[in-house]
Amino acid sequence: MSVVYPDHASRSYAAVILAAGTSTRMGKDKALLDWYGKTFLTATIESLTPFSQLVIVVGGENSESLKPSVWAQSAYLVTNPRPQLGQFSSLQIGLQEVLNRGRDAAIITHVDRPPASPGTIQALQVAFGSAANTGKWAVVPQFGGKHGHPIVVGREMMEAFLKSDPTTTARDVEHANQERIVYLPIDDPNVVTNVNTPEEYAALVSSFSPTTPS
């Protein structure tokens, strides 16, 4: 499909990439895994940059090792001082940074997966633009009956995340506000793909054929 990138001047989007995990099962930082000559982190930043005014990466104990990739892409790095609280605490730090920087919508994703296609991100933003006019707070992609990432959220959803206990999960908050969320069918398996072990990573690399959007 032909992709029309949004006009940054008329948008108020920030992208948030959650990358503070310890990657225990993988044995090395998943953010820095090779992905066709790049890393998952670099590829994800590049995929989100055309659709947002700024990209925020949330690191943890790995922040120093992420700096070269983040800065090379003119993205921003914030550090979760207590990543042991879990991924939701990193989400809260990233979303607070979105609000601090004056943005009122966010594209949120995890670093442990191939980036979604430009067509997918555009479809999510278009759906969010329509949904926000009817009182919805977020758009979540689904593929094969599973919910995935990136998700697009507005200020109301960000506030719901930020007001929740740091030890909860994003899924719990989403379920509590399910009537405010649009679940959008997407023909992109990347939205539900993630890797946690060397075996999963090897299987993904061997089976994946990257495509160039038209």
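Everything numeric here is computed off the predicted structure, so don't read it as measured data.

A.B. asks: It is not clear to me how the pairing of strand S1 (residues 13–18) should be interpreted in this structure. Could you clarify?
C.D. replies: On any regular strand, side chains alternate: one points to one face of the sheet, the next to the other face. Most of S1 sits out of view: six of its six residues are buried. What you see with S1 is no split at all: Tyr13, Ala15 and Ile17 on one side and Ala14, Val16 and Leu18 on the other are buried throughout. Pairing of S1 with strand S6 (residues 105–110), which is carried by six bridges, proceeds in the parallel orientation. From the neighbouring strand, Ile17 faces S6, where its bridge partner is Thr109. Pairing geometry for S1 and strand S4 (residues 54–59), over five bridges, is parallel.

A.B. asks: What should I look at first to understand the environment of Trp71 in this one?
C.D. replies: For Trp71, the location among the structural elements is in helix H2 (residues 63–72). Since its relative accessible area comes to 55%, Trp71 is described here as exposed. It is 12 Å that separates the C-alpha atoms of Trp71 and Glu46, two residues lying 25 residues apart in sequence.

A.B. asks: How should I be thinking about the nonpolar core in this particular structure?
C.D. replies: By size, the foremost hydrophobic cluster in this structure holds 36 residues, and its most contacted members are Ile17, Phe40, Leu41, Val57 and Ile107. Secondary-structure elements contributing two or more residues to this core are S1, helix H1 (40–48), S4, H2, S6, helix H4 (118–132) and helix H7 (198–207). Those residues in contact with Ile17 that sit more than four places away from it in its chain are Leu41, Thr44, Ile45, Leu48, Val55, Ile56, Val57, Val58, Thr109 and Val111. Of all hydrophobic cores here, the second largest spans 26 residues; its members include Ala106, Val140, Ile181 and Tyr183.

A.B. asks: For this particular structure, what's the right way to read the pairing of S4?
C.D. replies: S4 sits mainly inside the fold: six of its six residues count as buried. Of the two faces of S4, the one holding Leu54, Ile56 and Val58 and the one holding Val55, Val57 and Gly59 are both buried throughout. In this sheet, strand S5 (residues 76–79) lies alongside S4 in parallel orientation, the contact comprising four bridges. Residue pairing for S5: Val58 is matched across the bridge by Val78. Handedness of the crossover joining S4 and S5 through H2 is recorded here as right-handed.

Criteria and thresholds
- Numbers given for residues are sequential positions, taken from 1 along each chain in its written order.
- The model is predicted, so local features are restricted to residues of pLDDT at least 70 and side-chain atom pairs to those at 80 or more, both for listing and for counting; the totals for chains, interfaces and linings are taken over all residues.
- Derived side-chain values reflect all non-hydrogen atoms in the structure, with water molecules and hydrogen atoms excluded from consideration.
- Burial here depends on accessible area, computed with a 1.4 Å probe over protein chains only, as a share of the maximum for the residue type. Under 20% is buried, over 50% is exposed, and the range in between is partly exposed.
- Secondary structure follows DSSP: runs of H or I at least 4 residues long count as helices, runs of E at least 2 residues long count as strands, and numbering of each begins at the N terminus.
- At least two DSSP bridges between two strands are needed for those strands to be called paired.
- For this analysis, a nonpolar core means a set of buried residues of the types Ala, Val, Leu, Ile, Met, Phe, Trp, Tyr and Cys, connected via side-chain atoms within 4.5 Å.
- Throughout, a residue-residue contact means that at least one pair of heavy atoms, one from each residue, lies within 4.5 Å.
- Look down the strands so they point away from you; if going from the first strand over the helix to the second traces a clockwise path, that crossover is right-handed.

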